[in-house]
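Overview (structure and organization)
Listed below, chain by chain, are the residues.
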Amino acid sequence: MRVVFMGTPEFSVPTLTEIVASGHEVLAVYTRAPKPAGRGQAERKSPVHEAAENFGIPVFTPKSLRNEAEQLQFASLGADVAVVVAYGLILPKAILEAPTEGCLNLHGSLLPRWRGAAPMQRAIMAGDKQTGIVVMNMDEGLDTGAMGPTEIIPIGPDMTAGELHDQMMRLGADLMGRALAALERGSLDFTPQPEEGVTYAAKIEKAEAKLDFSKSAEEVHNTIRGLSPFPGAWFELDLGGKPTRIKALRSTIASGNATPGTLIGPDMTIACGSGAVRLTQVQREGKGAMDAATFLRGAGTLPERVV
């Protein structure tokens, strides 16, 4: 099939690779424009941009698709279908309707639960026991399109957003490959989303990353794993006479009761509003990620409570 691919981060690259490997003709790749990054603030191309250049595919990086010139350029490609995976720009009606078979989006939740920007993180933070990934036939709404092939993914009790991301990245590429094969055969079916069960996965705000140990151990644990590895849930400890930010990257539910924020015992167990969490991987400000035992060896005497 004649495909236009639209995506930006690392998450999108396996799907582009799968489409190319399956023998489809990728007419062009749309991705976000290069951004300054690193100490030198040199412009860095997106992972999808770099992958497309390696495949010899033309790359377009418009800042918006709302103007007529960009819409005419897109339509002139003559695509059968557009595949959209974490692109980052809103697709107006003219773009959605340009490909003969429409635009297929890979979305990381069991729709209609967790429509929006951060479905993986929100599912874990809410304590969901399962999620999934779905091929959606895009319309003008926010993740409201009809659903096609779907994979259900169990969420383990200690699974982090990073682990879920990597699993979805692999499963999603295979799922979209199968969806395109079915579309080519004329056997790709879609089902409208249920009207009940709609929730929205709002973008993660910076303020959400500061841990509140007055919440239950389960809520604290879910926040830690839902924000790991990025942006990373954090708290502060008084180390060497000054508050030091500590990111909590992995944890488990532990036993123990004390005033919320109290360090219980020698193994980075912290009391919560009910129960406690034991931190198993942390990252001290200015350092790399490390297991809790390594952190404790270098931290010296810990205070009784978090700051």
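These numbers were taken from a predicted model, which means no experiment stands behind them. Counting starts from 1 at the beginning of each chain's written sequence and moves along it residue by residue. Two thresholds apply to this predicted model, a pLDDT of at least 70 for residue-level local features and 80 or more for giving and counting side-chain atom pairs, whereas whole-chain, interface and lining totals are computed over all residues. Excluding hydrogens and water, the side-chain figures rest on all heavy atoms present in the structure.

1. What to know about the overall build of the protein
Counting from the N terminus, the helices are DSSP H or I runs at least four residues long and the strands are E runs at least two residues long. On a plain count of helices and strands, the protein comes out with 8 helices and 17 strands. Based on the C-alpha atoms only, the size of the protein along its principal axes is roughly 65 × 50 × 30 Å. Across the 307 residues in the protein, those meeting the buried criterion constitute 47%. Any two residues whose heavy atoms approach within 4.5 Å at even a single point are treated as in contact. For the protein, restricting intrachain contacts to residue pairs at least 6 apart in sequence, the fraction spanning at least 24 positions comes to 64%. The protein chains shown are the only cover counted for residues, whose accessible areas, like all others here, come from Shrake-Rupley with a 1.4 Å probe. If you sum the accessible surface of the protein, you get close to 14900 Å²; carbon and sulfur atoms cover 50% of it. Positive charges come from Lys and Arg alone, negative charges from Asp and Glu alone, with His and the N- and C-terminal ends not counted. A charge is said to be at NZ when it belongs to Lys, at CZ for Arg, at CG for Asp and at CD for Glu. Across the protein, the 30 positively charged side chains and the 35 negatively charged ones have centroids separated by 8 Å. Relative accessible area decides the class of each residue, using a 1.4 Å probe on protein chains only: under 20% of the type maximum gives buried, over 50% gives exposed, and in between gives partly exposed.

2. Things to note about the domain arrangement of the protein
What marks off one domain from the next here is an automatic or database domain assignment. The domain boundaries assigned to the protein delineate domain 1 (2–200) and domain 2 (206–298). The straight-line distance from the C-alpha centre of domain 1 to that of domain 2 is 34 Å. The partner domain 2 presents 14 residues to the 16 residues of domain 1 that form the contact. Approximately 1000 Å² of surface area, both sides summed, lies buried where domain 1 meets domain 2, with 44% of it carried by carbon and sulfur atoms. Buried area, as used here, totals the accessible surface that two parts lose on assembly, with accessibility defined by a 1.4 Å probe and the loss added over both. Considering only the side of domain 1, the residues that lose the most area to domain 2 are Met125, Asp158 and Thr160, jointly responsible for 44% of the buried surface there. Note on definitions: salt bridges are taken to be side-chain nitrogens of Lys or Arg within 4 Å of carboxyl oxygens of Asp or Glu. Salt-bridge contacts for Glu163 lead to Arg250; the nearest nitrogen and oxygen are separated by 2.9 Å. Elements that contribute at least two residues to the side of domain 1 that touches domain 2 include exactly α5 (119–125) and α6 (161–185). Ranked by residues supplied to the side of domain 1 that touches domain 2, first place goes to α5 with 4 residues. Residue composition of the side of domain 1 that touches domain 2, by class: 7 nonpolar, 5 polar and 4 charged. Under this grouping Gly is polar, as are all residues other than the nonpolar Ala, Val, Leu, Ile, Met, Phe, Trp, Tyr, Cys and Pro and the charged Asp, Glu, Lys and Arg.

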